[in-house]
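Residue-level listing of the chains:
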Amino acid sequence: KQEVTQIPAALSVPEGENLVLNCSFTDSAIYNLQWFRQDPGKGLTSLLLIQSSQREQTSGRLNASLDKSSGRSTLYIAASQPGDSATYLCAVNSDSGAGSYQLTFGKGTKLSVIP
Amino acid sequence: NAGVTQTPKFRILKIGQSMTLQCTQDMNHNYMYWYRQDPGMGLKLIYYSVGAGITDKGEVPNGYNVSRSTTEDFPLRLELAAPSQTSVYFCATRGIAKNIQYFGAGTRLSVL
């Protein structure tokens, strides 16, 4: 059974700092990996999707990397801003064992960027 | 562009009551999902559907039922509400071309 762990559970940084969020997964046989952002009381917004054959994806100040063999992904946020404050969720898309692919989520990292 | 719409946004139920959480999408996506998120936890899959008329169980299906009579709608039914079902429920969809899930804003349910 796939398990996803995110470290740290919470992170507080001053505005302007670069930061890294970590995600690890137990089964390296994945289809892809997604990073989501969740604002309080809101749904999830997809930030980046990395296919299993890719090493990284970039969108603006965000860069996500994937090392499938070691079961790790990182989300790098450059020049953090107060508007980046949210919970960031990592989700791994892998075979559920019944022939269908399903997302397994980590518990998230709650990020606070202090002005 | 509405995307994925969930109703209601909030609901309080008494133990033993029943209710249906509604999910409607206008993106013509085949795949639809129901998740629950407990405080401080990740999302857990309840049920999913790969198209109209086809549904299957996820990780935590007990106490829930679903149906998928149209592409647009994927309601989640709670028959006998229990306090353990207090959670935030999210509906999501996915198309075939892009393997990205799109989420609704969620339904916050409290069972007292």
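Residues numbered from 1 in each chain as written. Chains lettered and ligands numbered in written order. Predicted model: local features only at pLDDT ≥ 70, side-chain atom pairs only at ≥ 80, totals over all residues. Heavy atoms only, no water.

Participant: Let's hear about empty space enclosed by the protein: which residues, and what values?
Facilitator: Scanning the model with the defined rule gives 1 cavity of 30 Å³ or more in all. Each pocket or cavity is described by its volume, and for the largest cavity that value is around 30 Å³. For the largest cavity, the full set of lining residues is Gln34, Asn93, Tyr101 and Leu103 of chain A together with Tyr33, Arg94, Asn99 and Gln101 of chain B. Its residues assigned to classes, the lining of the largest cavity comprises 3 nonpolar, 4 polar and 1 charged. (1 Å grid on protein atoms, 1.4 Å probe; cavity = no way out; pocket = protein on both sides within 12 Å on 5 of 7 lines; lining within 4 Å. Points joined across faces, edges and corners; volume = space filled by probe spheres on them. Nonpolar A, V, L, I, M, F, W, Y, C, P; charged D, E, K, R; others polar.)

Participant: Before we move on, can you summarise the sheet that holds strand 7 (residues 62-67) of chain A with the specific residues and values?
Facilitator: Residues and elements named next belong to chain A. An order of 1-3-8-7-6 is seen for the 5 strands of this open sheet, with the pairing classed as antiparallel. Each having just a single partner strand, strand 1 (4-7) and strand 6 (56-59) make up the two edges of the open sheet. Across the sheet, the axes of successive neighbouring strands diverge by a mean angle of 15°, strand direction being ignored. With 4 bridges connecting them, strand 6 and strand 7 associate as antiparallel partners. For serine 59, the partnering residue across the bridge sits in strand 7 and is leucine 62. (Pairing = 2+ DSSP bridges. Helix = DSSP H or I, 4+ residues; strand = E, 2+ residues; numbered from the N terminus. Axes fitted to C-alpha atoms, helices over the stretch in contact; angles between N-to-C directions.)

Participant: Outline the environment of asparagine 93 of chain A, listing residues and values.
Facilitator: Note on placement: asparagine 93 of chain A falls in strand 9 (residues 86-95). Looking at asparagine 93 of chain A, the relative accessible area reads 4%, which means it is buried. On a C-alpha basis, the gap between asparagine 93 of chain A and aspartate 27 of chain A in space is 11 Å, while along the polypeptide they are 66 residues apart. Discounting residues that sit within four places of it in the chain, asparagine 93 of chain A has contacts with Ile30, Tyr31, Asn32, Tyr101, Gln102 and Leu103 of chain A together with Asn99 of chain B. Within the local environment of asparagine 93 of chain A, its side chain forms a polar contact with the backbone nitrogen of glutamine 102 of chain A, the two atoms lying 3.4 Å apart. (Buried < 20%, exposed > 50% of the residue type's maximum accessible area, 1.4 Å probe, protein only. Contact = heavy atoms within 4.5 Å. Polar contact = N/O pair within 3.5 Å; in protein donor to acceptor, adjacent residues only side chain to side chain.)

Participant: Lay out the pairing of strand 7 of chain A with the relevant residues and their values.
Facilitator: Residue and element names in this part refer to chain A. Once strand 6 ends, the chain turns through 2 residues before running back antiparallel as strand 7, passing glycine 60 with a positive phi of about 60°. Pairing analysis gives 6 bridges linking strand 7 to strand 8 (residues 72-77), with the strands arranged antiparallel. Counterpart to alanine 64 in the pairing with strand 8 is leucine 75. A loop of 4 residues connects strand 7 with strand 8, the two strands running antiparallel in sequence, and glycine 71 in this loop sits at a positive phi of about 70°.

Participant: Which residues make up unusual backbone geometry, and what are the values?
Facilitator: For the bond from isoleucine 7 of chain A to proline 8 of chain A, the omega torsion is -5°, close enough to zero to count as cis. Relative to the elements of secondary structure, proline 8 of chain A occurs in the loop between strand 1 and strand 2 (10-14). Between threonine 7 of chain B and the following residue, proline 8 of chain B, the backbone shows a cis peptide bond with an omega angle of -5°. Positionally, proline 8 of chain B belongs in the loop between strand 1 (4-7) and strand 2 (10-13). With phi around 60°, asparagine 28 of chain B is a residue other than glycine that occupies positive phi space. Along the chain, asparagine 28 of chain B turns up in the loop between strand 3 (19-25) and strand 4 (31-37).

Participant: Would you mind going over the pairing of strand 6 (residues 54-57) of chain B in detail, with residue names and values included?
Facilitator: Two elements, strand 5 (residues 43-51) of chain B and strand 6 of chain B, share 4 bridges in a ladder whose sense is antiparallel. Paired with tyrosine 48 of chain B across the strands is aspartate 56 of chain B, a residue of strand 6 of chain B.

Participant: Go over the interface of chain A and chain B with me, naming the residues and quoting the values.
Facilitator: Of the residues lining the interface, 20 residues belong to chain A; the matching set on chain B comes to 18 residues. Where chain A abuts chain B, roughly 1,500 Å² becomes buried across the two surfaces, and 53% of that area is made up of carbon and sulfur atoms. For the pair chain A and chain B, the number of links is 1 salt bridge. Here glutamate 59 of chain B makes a salt bridge to lysine 1 of chain A, at a shortest N to O gap of 3.1 Å. At the junction of chain A and chain B, the tally comes to 2 residue pairs in polar contact (both at pLDDT 80 or more). Elements represented by at least two residues in the side of chain A that touches chain B include exactly strand 4 (30-38), strand 5 (44-51), strand 9 and strand 10 (101-105) of chain A. Counting residues per element, the side of chain A that touches chain B draws most heavily on strand 4 of chain A, which supplies 5 residues. Considering only residue class, the side of chain A that touches chain B consists of 7 nonpolar, 10 polar and 3 charged. (Buried area = accessible area lost by both parts, 1.4 Å probe. Salt bridge = Lys/Arg side-chain N within 4 Å of Asp/Glu carboxyl O.)

Participant: Mind laying out the environment of glycine 16 of chain A, listing which residues take part and the relevant values?
Facilitator: Residue and element names in this part refer to chain A. On the secondary structure map, glycine 16 appears in the loop between strand 2 and strand 3 (19-25). Overall, the relative accessible area of 46% leaves glycine 16 in the partly exposed class. In the structure, glycine 16 is positioned 20 residues away from phenylalanine 36 in sequence and 21 Å away in space, judged by C-alpha atoms. Beyond its immediate chain neighbours, meaning those up to four positions away, glycine 16 contacts Ala79 and Ser80.

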